[in-house]
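This is what each chain is made of:
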Amino acid sequence: MKKKWIVTLSLLLLTVTGAIAGPLSTGEIDSATRLEVIDTLIAKLNAHYVFPDKAQQAEVVLRQHQREGKYDGITDGKQLAKQLSDDIEGVVHDKHMAVYVSTRPVPHDDAMPPPPQTRAEWEKQVPPAALEKILASNLGVEKADHLSPNIGYLQISSFGPVFLISDKFAAVMNKLADTDGLIIDLRNNGGGGGDSVALLISYLVDERTRLNDTWERTTGITTQYWTQDNLDGKRYGGKKPVLILAGPNTKSAAESFAYQMQALKRATVIGERTWGGANASRPYRLSEYFAAFIPSRRSISPITHTNWEGTGVIPDVAAKVDDALAAAKDLMQRQLNGGAPPVATGR
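Residues numbered from 1 in each chain as written. Predicted model: local features only at pLDDT ≥ 70, side-chain atom pairs only at ≥ 80, totals over all residues. Heavy atoms only, no water.

1. Observations concerning the environment of Lys-175
Along the polypeptide, Lys-175 turns up in helix α7 (residues 162-176). For the pair Lys-175 and Gly-152, spaced 23 residues apart in sequence, the C-alpha to C-alpha distance is 8.9 Å. Residue contacts for Lys-175: discarding those within four places in its chain leaves Ala-144, Asp-145 and His-146. (Helix = DSSP H or I, 4+ residues; strand = E, 2+ residues; numbered from the N terminus. Contact = heavy atoms within 4.5 Å.)

This is the structure we're talking about:
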C-alpha cells in the first residue's frame, strides 16, 4: 500500500472496526458508485478540509475530470481510489490526504468511534486478532542501548497511543538515564499520536513547556500541547545533548517530534529532509466501501508560528540518511569531549 503508515495509524488510534485498515477491494464498481464516491468526496472536502480554498480548487479539478469522462472507464475500486487520491494530491499537495476502498462496509461518520482515551476503551474497539498482534509487538520502540558507556541510542518506528507506550518510554528512559548524551533514531518512523510525542519530549526538558498547537477547522478550536510534569520514568533533563536522526521516512508525528525539539533548541537534527506532512487527518465515509482520510487539523508552532507541511523538517547537519548514525556518533563524542560546540538549532 502506498501509505502504509495511514493504515497503521487507523488501526492503532481510530480502530474503525478494521474497515479502512482491511485489504483493498478489487471488485467491480458501477457508474452509480463512482458518482456517489466523487460527489460525497467533494462535499466532505468542502466541509472539512483544513484549507477551504484548496478544497474548492480540488472540486474544480474533479468536476472537470468528470466532464471529460476521465473516470468513466474505471470499474475497479482500488484503481478509482488511487486515481482520486492522485488527482487531489495534484491540487492540495497534502501528504495526509488519501481515498481508500475496503472489502468490508465502512461505518457512517457518526458511527465511527472517537479515538480511545484509555487502554480499556482501545481494547474494546480493536479486532481480537489485531489486538493480540499489537500487544505482542514492541509498540514501535525498536531499540534502546548504549553505543558507548556515555552515549545512549533510542530507535523508535512509531508513536503509538500514549496509554500503550507510556510504560515503554518509562522503561527505556530509565535504561538510558545514566548516559551523557542521547541519539534518537526516527529515520524509519511512520508517525502516530501527538500525546506520545509530548510525553517523550517531557523526559527531555526540565520544566513544563508549551510544545505545539493544533487548529481544527470544523470546530475552530485551538488545542495546546504541553509537556507532562509527572513521569513514570527518570527524567533525562534539558541539559544533556540530544541528536535526532531523520530522513524521508520520518513522517507525521515523528516530524512533529523533530520539529518541536529543533524549535525549542533542545536537539540537533541530523540526516535528510523529512517527509513533509503536518496536517492531521481522520476518515470520512464516501460510500458503503469507500472512505477518505481528510486533514481537518493543522499544527502551529508557538515558536515558529508555522509547521513542516510541504517542506519537511530541514536538518541542522546534512548527511545521507544511511550515514546519519555515524555522523551523529562522531558529533556526539566530540561534543562530550569538548571538541565540538553544540550545533545551533531552531529554524
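Next comes the rest of the write-up.
2. Digging into the nonpolar core
By size, the foremost hydrophobic cluster in this structure holds 47 residues, and its most contacted members are Leu-154, Phe-159, Phe-169, Leu-182, Leu-204, Ile-244 and Phe-257. Every element with two or more residues in this core is listed here: α6 (128-135), β2 (141-148), β3 (151-156), α7, β4 (181-185), α8 (194-202), β7 (242-246) and α9 (253-263). The biggest single contributor to this core is α7, with eight residues. Non-local contacts of Leu-154, meaning those with residues more than four positions away in its chain, are made with Val-141, Lys-143, Ala-144, Val-172, Leu-176, Leu-182, Ile-183, Ile-184, Asp-185 and Leu-200. In this structure, Ile-38, Ala-55, Leu-80 and Leu-286 belong to the second largest nonpolar core, which totals 27 residues. (Core = buried A, V, L, I, M, F, W, Y, C linked by side-chain atoms within 4.5 Å. Buried < 20%, exposed > 50% of the residue type's maximum accessible area, 1.4 Å probe, protein only.)

3. Here's the deal with the pairing of β2
Relative to β3, β2 is paired through six bridges, and the arrangement is antiparallel. When the bridges of β3 are listed, Asp-145 appears paired with Tyr-153. (Pairing = 2+ DSSP bridges.)

4. A look at helix α2 (residues 31-48)
With 18 residues, α2 extends 26 Å from end C-alpha to end C-alpha; this agrees with the ideal 26 Å at 1.5 Å per step. Among the residues making up α2, those that are buried are Arg-34, Val-37, Ile-38, Leu-41, Ile-42, Lys-44, Leu-45 and His-48. Lining the buried residues of α2 we find α3 (52-67), α4 (77-92), β1 (98-101), β9 (279-287) and β10 (290-300). (Expected span 1.5 Å × (residues − 1).)

5. Things to note about the environment of Gly-193
For Gly-193, the location among the structural elements is in the loop between β4 and α8. Gly-193 sits in the buried class, given a relative accessible area of 13%. Once the C-alpha coordinates of Gly-193 and Phe-159 are considered, the two residues, 34 residues apart in sequence, prove to be 5.7 Å apart.

6. A closer look at the pattern of salt bridges
On inspection of all chains with the given rule, the structure shows nine salt bridges. Glu-216 serves as the salt-bridge partner of Arg-297, at 3.8 Å between the closest nitrogen and oxygen. With Arg-297 in strand β10 and Glu-216 in strand β5 (residues 210-216), the pair connects residues that are 81 residues apart, well separated along the chain. Of the charged contacts, one joins Arg-334 and Asp-330 as a salt bridge, the two residues approaching to 3.0 Å between their closest N and O atoms. Taken together, the residues span about one helical turn, with Arg-334 and Asp-330 both in helix α10 (residues 324-336) at a distance of four residues. Taking the relative accessible area as the measure of exposure, Arg-334 reaches 37% and is therefore partly exposed. (Salt bridge = Lys/Arg side-chain N within 4 Å of Asp/Glu carboxyl O.)

7. Re the packing of aromatic side chains
Two aromatic rings, taken as a pair, are described by how far apart their centres are and by the angle between their planes. Inspection of the entire model under this criterion finds five aromatic pairs. Judged by centre distance (6.0 Å) and plane angle (75 degrees), the rings of Tyr-49 and Phe-51 are edge-to-face. Judged by relative accessible area, Phe-51 falls into the partly exposed class, the value being 30%. Ring pairs connect the aromatic residues Phe-159, Phe-169 and Phe-257, which therefore count as one cluster. Over the ring of Tyr-236 we find Lys-240; its NZ or CZ atom is 3.9 Å from the centre of that ring. (Phe/Tyr/Trp six-rings, centres within 6.5 Å; stacked < 30°, edge-to-face > 60°. Lys NZ or Arg CZ within 6 Å of the ring centre and 35° of its normal.)

8. What about the sheet that holds β2?
With respect to topology, six strands assemble into an open sheet ordered β2-β3-β4-β7-β8-β11, the strand pairing being mixed. In this open sheet, the two edge strands, each paired with only one partner strand, are β2 and β11 (317-318). Where β4 lies against β7, four bridges are found, and the strand directions are parallel. Paired with Ile-184 across the strands is Ile-244, a residue of β7. Seen against the sheet, α7 touches β2, β3 and β4 and runs at an angle of roughly 5 degrees to β2. (Axes fitted to C-alpha atoms, helices over the stretch in contact; angles between N-to-C directions.)

9. Re the packing of α7 against α8
Where α7 meets α8, the axes come as close as 10 Å, and the angle between the chain directions of the two elements is 20 degrees. When the axes of α7 and α8 are compared, the pair comes out roughly parallel. For the pair α7 and α8, the sense of crossing is right-handed. Between α7 and α8, the contacting residues are Val-162, Ile-165, Ser-166, Phe-169 and Met-173 on the first element and Asp-195, Ser-196, Leu-199 and Leu-200 on the second. (Parallel < 35°, antiparallel > 145°, perpendicular 65-115°, else oblique. Left-handed = near helix turned anticlockwise from the far one by under 90°.)

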